Each structure stands twice: as structure tokens, then as C-alpha cells.
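The chain contents come next:
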Amino acid sequence: MAESFFSDFGLLWYLEELKKEEFWKFKELLKEEPLKFELKPIPWTELKKASREHLSKLLGKHYPEKLVWEVTLSLFLQINRKDLWTKAQEEIRHKLNPYRNHMKKKFQLIWETQTCLHVPEDFYKETIRNEYEQLMAVYLTADEAGEPSPTVVLQGPEGIGKTTLLRRVMLDWAEGRLWKDRFSLLFFLNGSEMSKITETSLVELLSKDWPDSSEPIEDVFSQPRKVLLIIDGLEEMGCELTLGDNLASGWEQRRPIHCILNSLLQKKMLPEFSLLIALGKMGMRKYGMFLEQTSCIFLTGFSERHKKLYFSYYFREDNKSLQAFSLVREKRPLLALCQSPFVCWLVCTCLKWQMERGQDLEIASDSITSLYASFLISAFKSAGDSCPSKQHRARLKSLCTLAAEGMWTCTFLFGPEDLRRSKVSESDALMWVSLRLLQRSGDCLTFSHPCIQEFCATLYYLFKRPEAMPHPAIGSVTQLAAAAVSEARTLLSWMGIFLFGFSTEKMVSMLESAFGFPLSRDIGQDITRSLEALSRREPTEDVVAFEELFNCLFEAREPDFVTQVMNFFEDVNIYIDVLTVVTCSLTRVRRAQERMFLVVGDVCLAADGLRIAVSHVTKEERDLGFFKVVLHNPHMKYLNLYGTSLSWTDVRQLCETLKHPMCNIESLVLGKCDITEESCEDLGSVLAHSKKLKLLSLVDNPLKDKGAMVLCEALKHPGCALGTLLLMHSCLTSVACDYISQALLCNSSLALLDLGLTYLEDNGVKSLCEVLKHPDCNLQHLWLMGCYLTSVCCADLAAVLTQNEKLKTLKLGSNKLYDAGAKQLCEALKHPNCKLENLGLEMCDLTSACCEDLASALTACRSLRTLNLEWISLDLDGAVLLCDALTHPDCEKKLEDLENRPVVAKRVGEGVGW
């Protein structure tokens, strides 16, 4: 074991533990110590000036590893650092060396062959110093404070360097430079690799890199706080997760891969494990709600100084780097895009190829599509101009087919069979690897970056001919266009943006001129046909997300095309991402203009009848006072920011604006805005002091019990006038019910409370029921769908129905109440004091056995107007019983009342009521 110790754990770490005087003494003793082991001493001239890092390399250079070990440990004892001697011995006894050594070799190879840097490591470390220090500190701080093992999310857009940083972290740990005392083991889980797994156990998943010579991997789980799991490429898996989704309870239990991940993310399996996850914007929307004990670190990319240094390091020659950077600096949009290290590499590589061919430097940058097209054209030309156009076309089409099939099947690692099926020959593969479009990953190939695969996958559609047979695995242009503008962002979202970019005559002509063969010009027509078909759907289907549509239209930037598309839609719900994108599209609207209400900066399109949701406002826009500009419009009473990622600072700025006397907002929707408990104090201040705010939606936010406690304190304030509070899917437990109960007793205005999809369970509802029976409680509508309730809580709910004449609506859908629970509720409905009007029992595992009780309640309850029994299992006898009750004279009178009485049927926030 000692023979590979220093290469595995890092002599450098030990030397850095020495104080300045200890390190000097170490070097002085090293002049003579090697003689005891019959070794030739290192010249004092080298030792004297050596830094810690240089000395570790000198020892490895002059002596065998085993003797380096013997000499160093002997010197530790001589300078009275027995603690270091003991620590080293202990780590050897743990026998972790084979795994560390394996991961060191693996990630050294990955770092050298699969990282698009081409710059010195010192420069890279400087660019990520702040994020790296945050990462080192967050786990150590939690450990020192005795807090639960955290989940750290590394956030940033595609190409900003998330994967690169995770690989660096893994390599630094394997080399002994990072978390030496904190983590004994780091495991790296890759989404591309996991997407090929259907069913597994956690122990199988972690065993893929575990050497046979190591201890049994099961021993890992004996010290779970010493383990860190790194998860990269989670978005590439394409799996859907839900709370409580068939979670795995044991690490040896075999489950579908998404269940294993779900159990880890929700800390239901081995909660002592620490997690480090890379997520982009799409990933945070999709998986953020499942994460527990979360800290976020944001990658900001290159500053302008870093951009210039990158060019200097990449080209190595001052005249070339200055020439290239001058070109980029003249194109301000392109310079802004170079904030991403990947785009920097893309631009430099493109310009380098042009220099090698002696061309004038030029790179199109009026759109993202044109930038990637410039890169591919330069790569294509570097492949050799001597090939006939027919061979060029076949090569490029096979690469694009491989990319498209991968995107539609969530495949990112390609084996020999994948290459053969897409007609990528071995020689072609070698060529694409040499051009850095593809790279090797073990025995497979992968695209050098997901963005390159997305671009090539979209380019596939320019090769399609009308008479060509459809590819069995690849969707049509119509399907891609529909996916591009859908509400749910998917792996195809960026392909959709590229697709709109390829719809322009300018782009197709540019590619044809460069490639030397004709391409399809039908994409624009296919897109318009697809969107026209979507526009005919019912408005309630929400088939088009206009934020995504505007992003796509902005990429096309052809006025006539934008006008044609926008005129398909009469009703437009606008979720703002970038103001210029929306403004560009709205100016082309013809038929929908008079039906819109939207304030965008100083632009106002106003009319009655349609409320426009203002959402996804960028940080720059918030910094420019966007909230103030919008909210100080006296006519604006409804603001929907659903899906906008808001920081603590953003929420504070918004709340300050909401408290301004000029602000007339009555309904505020902040669903899925990444709002945490820290922001609840500012929101509570608004609730306590705003007489205008009547509705607040905080659905799909990780508020947790602490956040609920703060909000409930605000609800108790005499100045609170809130009538509707929506807290669905906000990570509450039964603990929050105590705070809510106290608030309900003090608050006289709150009429509707949504607690759906929270972990209240029977105990939590019992606490709520105690206050609901109190005469001072004024709540009229209570939504408890999907709160993990059973028939046990129905006795408490029944008691409320017989004693509370104010409660009009009780939603209990998606709970396991069973027939026994329904029976207790039906008995309460027949009580003369029951005034309930709406009862939801959908998906409550009811059967025909409860139909007699339901029928009896329908005829006896004088107040009941709506009963939701969707998705219950009825046989003929049960159906007959209900039909007989519905035709009973007493029930018919109520049906007449139902027809003539106003019923809530509007969208409230993101929840839909009766």
C-alpha cells in the first residue's frame, strides 16, 4: 500500500500543513536524511528555493515512491509533527488507495482529452477561484456546525463550465488537494451513462469504478457522512421525478434508475450522503423542488479581462491573439457571448482554422445559430476542400443523423452500432474527433459539448427531401416545432431555437455557399403549418408557451415571418424572459393587439378582458427598476411571475415596490420562483401592511415549515387583508399546521387556503380541525388535495362539518380516504348544521361500497352543490344508487340551484378551483 500512497493522497497536502519554520526545518533535514536510506541527497541549491509544490515534485523525481514515504515520515517525527505521521498511517490502513488511484488516472485522462480549455491550469483556477472557495467551504461549514449533509447545486447556463469544474473537483480530490479531512470518498455519476440504465441499485451504480483490489464497496455505507456524490448531466437523462415516487429505501434494493435518483435527491435514502449537482436553467425548473438542504453556487463565466487572457493563452502568439480579440471586441454581442468559456473556445477554434487557411477573419454573430454555423463551416473546410461535394454531403449528413437520433432518444454516448446505423465510417469518426466535434469517452464517442450535438441534430432537417422516408427514431419538423414552444422545457428546446434560425433564407444561403450542395428551404413552411395547427387548439389546453415562441421568433428575426406566425394567435399569454425579445414579437402582432394588457418598460398595450402575465424578467431588467416601472402603473392589478427564478435580493426589491402607495396589485402569483424560507420575512411584511393585496400564490416553492411560520405571523397582523393564500407543493409538513392554526384564529380576511401536495398527514389535519371548529375561524375554502391523508383524519373533518357553518369548500382529492373515510364524511353531511357546498373526493380510492352513503348524503344535505367523484371505481349497482339520489326531488332542487348560482370557475394563481 505504501508504494502508491503519495501519488494517491498527495504529498503536497502534507507539506502544506507545515508551518513556515517547520517547512524550512524539513528542507534542512532533507539535506542529510536520504543518506540513512542509501540515497543521494537532492542538491541544496534546489532544496533551498523549492516551494512546497516544487519539493513534492523533486522528491518524486529523485526517489522511488516507497522511499519517499520512508524519508518523509521519518522527517515528520523529527520536526515533532507526529500528528501528520499518524494521519498518514491511518489513511493507509483504510486501504482507499486503489479507488483513488483509479479515479485519478481516469479524470487525468478526461481532463487532458475531453476538456475544451487549451489554456494553462493556473489561468483556469483564477477564473473559478471564488466558486471553488465557496465549494470548499460549504461542506466544511455544515460539518463544523453539526448541520445535515448539504446538497450543493452548481448553477449556470449551458457552456458556462459546470462540467469542467466538477471534473476539476474530482481530480483535485483524487490527488489529495481537496477535502482531505472531510470526504473519504467521492463518486461521479454521469447522466449520459445513467440514461442507458433501466433498473439498478445504489450499490451497483457506485460499483462501476470500484477496483476489485479495494475493500468491499458495502463498507462505504458504514460512514455515509464521509461520502460525496457528484451528479452531472441530470437533464440528459430525460426522466420525470415526482414527490414520493416509489422511493427506494435500501441501497441494495433494485429500482428503476429514476427512483434511485429520486431517493437520493429527496434524502430518503442515505440522507447522510452529501450531494453536488450541476443544473442549468431547465434542470432547476425540473428538479429543484426535489432537493433538500440546498445551497446554490452560481458560475458567472469570464470577465472581459478573462476573455482577453483566454485569447492570449489560446493562440500563444501575441499578434494572432490581438487580431482575433480585436475582431470579437468590435462585435459587442459576440463579446458578450464569450462570457461562456465554451463559446470562447468555439470562437477561438473557428478563427484559428481560418488563420491556418490564410483566410480573412470573419465570424457571423447576429444570432446564436449563425455563430454555430460559422464554427461548423470552418470545421467543414478544415476537413479538406479536395473532397467532392457529394462526399461532403454524405459525411455531414451522417454526423447530423447521429446527433438527431441521439437527441430524440436521449443518447449521448455512441457505440459502434450507433455509428454504423447513422453511416458514420471509422475514417469519418477520426476526422470529426480531430476537429473536436466528437471526442472519445472510453470505448464510445460523444459530441464534444451538448450544444454541438443540439446544433448538428437540428441541421439534420436541412438534408431532408420531401420524398425521403421518415427516420424511425427522429421526430419531424412539425413535432420539433411543437416541442420548441411547449410549456415544459425539454432537451429539444435549444433545437427548436436553432430550427427557427435555419428557417431564414439568409442562413440557408450561407450554408449552401459554404458546403457546395443544396439544402432544404421548407423548414419555414413546416414551422408555420405546425404553429397554425397549435393555434386552433382550445385556449384551455395551454399548448403554446409564448415565452418560448418569442425566443424562437427572435432567433429568426424576419419581420414577415414573425407577423405571419403571431397572426395565428388571438389570445396571447406572455411570459417575459428578455424584454427585447417580447417587444420584437409584439410589434408584429396584428389581430391580437386590441385584446392585450401588458406594460413593458415604457411600452403599454392596454385593453380590458385579458391579463398578461409578466414573467422571467432578467436580472439586468430588475436592476434597471423593472418592478417599479411595471407595478407603479395604476391600472395594473394582476402580476404573474410564475416560473421566474428570483433571488433573495429580487424578492426584497419586489416587496419594497409592493408596499409603495402607488402600487395597486391585488393578485400576485409567485409560483415556482425559487423562493425559500429566507424571503418569507419580506413577503410577510407585505401581507402585514398591504390593504390592497387580496391573493398570493406561492405554489411550487420550497418554503418549508420555517417559511410557513413567518408567513403565519404576518397573517395574524391586524393590517393583513389577504383573502386567498395558495401554498400547494411548498414542502410543508404537519409542523406547519400548528402555525397555520394560530393564524386562522387571528385572521378575519382569509377565505381560501390551498395546502395541496404537502406532507400534512393525519396529524397535521387534526391540528387544523381543532381551529376550524372554533367560532372565530372565518375560513370558507380549504384545499387539501394530495396531503397524504387516510381515513383516520375523516373523524376530525366530520366533526368540523357538523360544527362549522362557515366552511363552504373542502377539497380532499388524491388522498387514501377509502370507503371508511367517505362514510364518516357522509354522516357529517347529513347533519342539520352542515353548510358545506363543495366536496372533492376524486381519486380517493373509493368503490361502489360507499355509494349508499353518498346517495344518502346527496338527498339529505340541504347545502351541497358540487360533489367531485372523478376516478372512483363504480359497478352498475353503485351507479344506480347515485342516479336514484340525483333524481330525488330534494336533490333536483339543489341541481336547479347549481344551474342558477355563480360557481368559482376561474384560474386562481396556478391552481384551478370550482
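- In the nomenclature of an unreviewed UniProt entry, the protein chain corresponds to NLR family pyrin domain containing 9 from the organism Catagonus wagneri.
- Its UniProt record, at the heading Sequence similarities (unreviewed entry), says of the protein chain: "Belongs to the NLRP family."

**Considerations on the overall build of the protein chain**
- Looking only at helices and strands, the protein chain features 43 helices and 22 strands.
- The burial tally for the protein chain puts 57% of its 914 residues in the buried class.
- Partitioning the intrachain contacts of the protein chain with sequence separation of at least 6 by distance along the chain shows that 78% fall at a separation of at least 24.
- Entry remark: accessible area of the protein chain is about 39,200 Å², with carbon and sulfur atoms responsible for 52%.

**Focus: the nonpolar core**
- In terms of nonpolar packing, the biggest core is built from 105 residues, with Val347, Leu396, Leu511, Phe515 and Leu549 touching the most fellow members.
- With 11 residues, helix 19 (residues 341-356) is the single largest residue contributor to this core.
- Setting aside anything within four residues of it in sequence, one finds Leu549 in contact with Val485, Phe500, Leu531, Val544, Val565, Met566 and Phe569.

**Some words on the environment of Gln134**
- Inspection of the secondary structure assignment puts Gln134 in helix 10 (residues 129-144).
- Sequence separation between Gln134 and Cys296 is 162 residues; the distance between their C-alpha atoms is 9.7 Å.

**Description of the sheet that holds strand 13 (residues 667-669)**
- Read across the sheet, nine strands follow the order 12-13-14-15-16-17-18-19-20 without closing on themselves; strand pairing throughout is parallel. If you trace the sheet from one side to the other, it starts and ends with strand 12 (638-640) and strand 20 (866-868), each paired once. Neighbour-to-neighbour, the strand axes of the sheet open up by a mean angle of 0 degrees, direction not taken into account.
- Taken together, the three bridges between strand 16 (residues 752-754) and strand 17 (residues 781-783) define a ladder with parallel strand orientation. Each bridged residue has a counterpart across the sheet, and for Leu752 the counterpart in strand 17 is His781.

**Brief notes about unusual backbone geometry**
- Positioned with a positive phi, Arg557 is a non-glycine residue whose angle comes to about 60 degrees.
- Inspection of the secondary structure assignment puts Arg557 in the loop between helix 29 (546-556) and helix 30 (559-566).
- A positive phi angle, near 55 degrees, is found at Lys672, a position not held by glycine.
- For Lys672, the location among the structural elements is in the loop between strand 13 and helix 35 (680-689).
- Note on Lys672: relative accessible area 29%, which makes it partly exposed.

**Observations regarding the pattern of salt bridges**
- In total, this model carries 35 salt bridges according to the counting rule given.
- The shortest N-O distance in the salt bridge between Arg254 and Glu204 comes to 2.5 Å. Pair noted here: Arg254 is in the loop between strand 4 (227-232) and strand 5 (255-256) and Glu204 is in helix 13 (residues 202-206), with a separation of 50 residues, a long-range link.
- Its relative accessible area of 38% is what places Arg254 among the partly exposed residues.
- For Glu204, a relative accessible area of 38% translates into the label partly exposed.
- Residue Asp428 is joined to Arg395 by a salt bridge in which the shortest nitrogen-to-oxygen separation is 3.0 Å. With Asp428 in helix 23 (residues 426-434) and Arg395 in helix 21 (residues 389-408), this pair connects stretches of sequence that are 33 residues apart.
- Several salt bridges converge on common partners, so that one network encompasses Glu405, Glu417, Asp418, Arg420 and Arg421.

**Quick notes on the environment of Ser749**
- Its place among the elements puts Ser749 in the loop between helix 37 (734-746) and strand 16.
- Judged by relative accessible area, which is 24%, Ser749 ranks as partly exposed.
- Distance in space between the C-alpha atoms of Ser749 and Leu779 is 8.2 Å, their sequence separation being 30 residues.
- Within the local environment of Ser749, its side chain forms a polar contact with the backbone oxygen of Leu722, the two atoms lying 2.7 Å apart.

**Things to note about the pairing of strand 4**
- Burial within strand 4 is extensive, with six of its six residues counted as buried.
- In strand 4, alternate side chains face the same way, and those of Val227, Leu229 and Ile231 on one face and Leu228, Ile230 and Asp232 on the other are all buried.
- Bridging between strand 4 and strand 6 (residues 274-279) involves four bridges; their strand directions are parallel. Paired with Ile230 across the strands is Leu276, a residue of strand 6.

**Let's talk about the packing of helix 21 against helix 23**
- One way to put it is that helix 21 packs onto helix 23 with a least axis distance of 11 Å and a crossing angle of 75 degrees. One finds that helix 21 runs roughly perpendicular with respect to helix 23. Contact with helix 21, carried on its side by Arg395, Leu396, Ser398 and Leu399, involves Asp428, Met431 and Trp432 of helix 23 and no other residues of that element.
- Taken together, the residues that form the contact of helix 21 with helix 23 break down as four nonpolar, one polar and two charged.

**Quick word on helix 23**
- Those residues of helix 23 lying buried are Asp428, Ala429, Met431 and Trp432. In a view along the axis of helix 23, the buried residues occupy a sector of 160 degrees, so they form one face of it. Turned more than 90 degrees off the buried face of helix 23, the exposed positions are Glu426 and Ser434.

**Overview of the sheet that holds strand 6**
- Pairing within the open sheet is parallel, and its five strands lie in the order 2-4-6-1-7. If you trace the sheet from one side to the other, it starts and ends with strand 2 (185-190) and strand 7 (294-298), each paired once. Direction aside, the axes of adjacent strands within the sheet are offset by 20 degrees on average.
- Relative to strand 4, strand 2 runs parallel, the two being bridged by six bridges. Residue Leu186 lies in a different strand from strand 4, and its bridge partner there is Leu228.
- Taken strand by strand, helix 11 (residues 162-174) contacts strand 1 (151-155), strand 2, strand 4 and strand 6, and its axis lies near 150 degrees from that of strand 2.

**Details of the side chain of Ser690**
- On the secondary structure map, Ser690 appears in the loop between helix 35 and strand 14 (695-697).
- Among the polar contacts listed, one links the side chain of Ser690 to the backbone nitrogen of Lys692, at a separation of 3.3 Å.
- Setting aside anything within four residues of it in sequence, one finds Ser690 in contact with Gly719 and Ala721.

**Section: the packing of aromatic side chains**
- The final tally for this structure, using the stated rule, is 36 aromatic pairs.
- When the centroid spacing of 5.5 Å and the interplanar angle of 20 degrees are considered together, the rings of Phe515 and Phe517 count as stacked.
- A relative accessible area of 3% means that Phe515 is categorised as buried.
- Through a chain of ring-to-ring contacts, the aromatic side chains of Phe123, Phe302, Tyr310, Phe311, Tyr313, Tyr314, Phe315 and Phe325 assemble into a single cluster.
- Between Lys31 and the ring centre of Trp44, over which it is positioned, the NZ or CZ distance is 4.5 Å.
- Residue placement shows Lys268 over the ring face of Tyr759; its charged tip is 5.7 Å from the ring centre.

**Observations regarding the packing of helix 29 against helix 30**
- Two elements in contact, helix 29 and helix 30, have axes separated by 9 Å at closest approach and are oriented at 155 degrees. Considered as vectors, helix 29 and helix 30 are oriented roughly antiparallel to each other. Crossing of helix 29 over helix 30 shows right-handed handedness. Contact with helix 29, carried on its side by Leu549, Phe550, Leu553 and Ala556, involves Phe561, Val562, Val565 and Met566 of helix 30 and no other residues of that element.
- Considered class by class, the residues forming the contact of helix 29 with helix 30 number eight nonpolar, no polar and no charged.

**With respect to the state of the cysteines**
- Inspection of every chain in the model, using the stated rule, returns zero disulfides.
- Cysteine Cys400 remains unbridged, with the sulfur of Cys456 as its closest cysteine sulfur at 4.9 Å.
- On the basis of relative accessible area, Cys400 is assigned to the buried category, the value being 0%.
- Note on Cys787: no disulfide assigned, nearest cysteine sulfur contributed by Cys737 at a separation of 8.1 Å.

Cut-off values and rules
Residues numbered from 1 in each chain as written. Predicted model: local features only at pLDDT ≥ 70, side-chain atom pairs only at ≥ 80, totals over all residues. Heavy atoms only, no water. UniProt positions renumbered as here; feature names shortened; annotations may be inferred. Helix = DSSP H or I, 4+ residues; strand = E, 2+ residues; numbered from the N terminus. Buried < 20%, exposed > 50% of the residue type's maximum accessible area, 1.4 Å probe, protein only. Contact = heavy atoms within 4.5 Å. Areas by Shrake-Rupley, 256 points an atom, 1.4 Å probe, with all protein chains shown as cover. Core = buried A, V, L, I, M, F, W, Y, C linked by side-chain atoms within 4.5 Å. Pairing = 2+ DSSP bridges. Axes fitted to C-alpha atoms, helices over the stretch in contact; angles between N-to-C directions. Salt bridge = Lys/Arg side-chain N within 4 Å of Asp/Glu carboxyl O. Polar contact = N/O pair within 3.5 Å; in protein donor to acceptor, adjacent residues only side chain to side chain. Parallel < 35°, antiparallel > 145°, perpendicular 65-115°, else oblique. Nonpolar A, V, L, I, M, F, W, Y, C, P; charged D, E, K, R; others polar. Arc of directions from axis to C-beta. Phe/Tyr/Trp six-rings, centres within 6.5 Å; stacked < 30°, edge-to-face > 60°. Lys NZ or Arg CZ within 6 Å of the ring centre and 35° of its normal. Left-handed = near helix turned anticlockwise from the far one by under 90°. Disulfide = S-S within 2.5 Å.

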